[in-house]
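Residue-level listing of the chains:
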Amino acid sequence: ILQEMRSGKLSPSLAADRLESLRVRLNERAIGRRPIPNTLPSHKNVYLGVLALIVLGSAPSAVTVSDAVVMNMAEPVDNTDHIMISKKRLVASLHALNLQTDDF
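**Q** Would you take a moment to explain the overall build of the protein chain for this structure?
**A** When helices and strands are tallied, the protein chain shows five helices and zero strands. The C-alpha radius of gyration of the protein chain comes to 21 Å, more than 25% above the 13 Å expected for a compact globule of 104 residues. A principal-axis box enclosing the C-alpha atoms of the protein chain has dimensions of 65 × 45 × 25 Å. The buried share among the 104 residues of the protein chain stands at 9%. Approximately 9500 Å² of the protein chain is accessible, and the part contributed by carbon and sulfur atoms is 58%. Counting 12 positive and 10 negative side-chain charges, the protein chain places the averaged centre of each group 8 Å from the other.

What follows is the structure, given as structure tokens:
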């Protein structure tokens, strides 16, 4: 909404209408009833999902330091909390796997 208003594509009255409808939609219940047991994502599944995004978005690296020297690749990281990922590489990977919608 903000981008459209800044570019002049959206009038203030239409923006106000869209913001009001957003407030109404936020008040609606997202889950209508209690979920079926074991269908909500566990902490482990969320962790594995984040890990998959990291693997898709990170640069290729060798498994060991000796492999990195022989193959002239980046060395493996010591701390997985500081893996640099590329948004461009991640989006390209998701697009190649047909997991990305055109809305993104």
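After that view of the structure, there is still more to cover.
**Q** Sorry if this is basic, but what is going on with unusual backbone geometry here?
**A** Of note, the phi angle at Asn72 is positive, near 55°, even though the residue is not glycine. The class of Asn72 is exposed, set by a relative accessible area of 72%.

**Q** Looking at this model, I keep getting lost on the pattern of salt bridges. Mind explaining?
**A** Opposite charge on two side chains makes pairing possible when the charged atoms of those side chains draw close. Following the criterion strictly, the structure yields one salt bridge and no others. With a closest N to O distance of 2.7 Å, Arg18 and Glu4 form a salt bridge. Here Glu4 lies in helix α1 (residues 2–7) and Arg18 lies in helix α2 (residues 12–27), a separation of 14 residues in the sequence.

**Q** Please explain a nonpolar patch on the surface as it appears in this structure.
**A** On the surface, Ile1, Met5, Leu19, Leu22 and Leu26 cluster together into a nonpolar patch covering about 430 Å² of accessible area. The greatest single-element share of the nonpolar patch, amounting to three residues, is contributed by α2. For Leu19, the position within the fold is in helix α2. On the basis of relative accessible area, Leu19 is assigned to the partly exposed category, the value being 46%.

**Q** So what exactly am I meant to see when it comes to the side chain of Ser58 here?
**A** With respect to the helices and strands, the residue Ser58 is situated in the loop between α3 (43–57) and α4 (65–71). Of the polar contacts made by the side chain of Ser58, one reaches the backbone oxygen of Val55; its length is 3.4 Å. The residues touching Ser58, leaving out its near neighbours within four places in the chain, are Ile83, Met84, Ile85 and Arg89.

**Q** Mind showing me how you'd approach the environment of Leu22 here?
**A** Assignment of secondary structure puts Leu22 in helix α2. A sequence separation of 34 residues divides Leu22 from Leu56, and the C-alpha atoms of the two residues are 33 Å apart.

**Q** Explain the packing of α3 against helix α5 (residues 87–96) here, please?
**A** Angle between the axes and distance between the axes are the two parameters that describe a pair of packed helices. Taken N-terminus to C-terminus, the directions of α3 and α5 make an angle of 105°; their axes are 7 Å apart at the nearest point. In terms of their interaxial angle, α3 and α5 are classed as roughly perpendicular. Along its contact with α3, which presents Leu53, Leu56 and Gly57, the element α5 presents Arg89, Leu90, Ser93 and Leu94. Partitioning the contact of α3 with α5 into residue classes produces four nonpolar, two polar and one charged.

Scoring rules and cut-offs
Position numbers for residues count from 1 along each chain, tracking the sequence in the order it is written. Per-residue local features of the predicted model are confined to residues with pLDDT of at least 70, and side-chain atom pairs are confined, for both listing and counting, to 80 or more; whole-chain, interface and lining totals are unaffected and use all residues. Side-chain figures throughout are based on the complete set of non-hydrogen atoms in the structure, without hydrogens or water. Secondary structure follows DSSP: runs of H or I at least 4 residues long count as helices, runs of E at least 2 residues long count as strands, and numbering of each begins at the N terminus. C-alpha atoms define the radius of gyration, and 2.2 Å times the number of residues to the power 0.38 defines the globule rule. Note on exposure labels: buried denotes an accessible area under 20% of the residue type's maximum, exposed denotes more than 50%, and partly exposed covers the range between, all computed with a 1.4 Å probe on protein chains only. Accessible surface area values rest on a Shrake-Rupley calculation with a 1.4 Å probe, where residue burial reflects the displayed protein chains alone. Here Asp and Glu are counted as negative and Lys and Arg as positive; His is not counted, and neither are the chain ends. Charge coordinates come from a single atom per side chain, which is NZ of Lys, CZ of Arg, CG of Asp or CD of Glu. Salt bridges, as used here, are contacts in which a Lys or Arg side-chain nitrogen is within 4 Å of a carboxyl oxygen on Asp or Glu. Only residues whose relative accessible area exceeds 30% and that form no salt bridge are eligible for patches; like-charged ones are grouped when within 9 Å, while nonpolar side chains (Val, Leu, Ile, Met, Phe, Trp, Tyr) are grouped when within 5 Å. Here a polar contact is recorded for every N or O atom pair within 3.5 Å, except that within protein the pair must consist of a potential hydrogen donor and a potential acceptor, and residues adjacent in sequence are included only if both atoms are side-chain atoms. In this description, contact between two residues means that some pair of their heavy atoms is separated by no more than 4.5 Å. The angle between two axes is taken between their N-to-C directions and runs from 0 to 180 degrees, where each axis is a line fitted to C-alpha atoms and a helix contributes only its stretch in contact. Angular relationships are summarised with four words: roughly parallel below 35 degrees, roughly antiparallel beyond 145, roughly perpendicular across 65 to 115, and oblique for the angles in between. Classification convention: Asp, Glu, Lys, Arg as charged; Ala, Val, Leu, Ile, Met, Phe, Trp, Tyr, Cys, Pro as nonpolar; all other residues, Gly among them, as polar.

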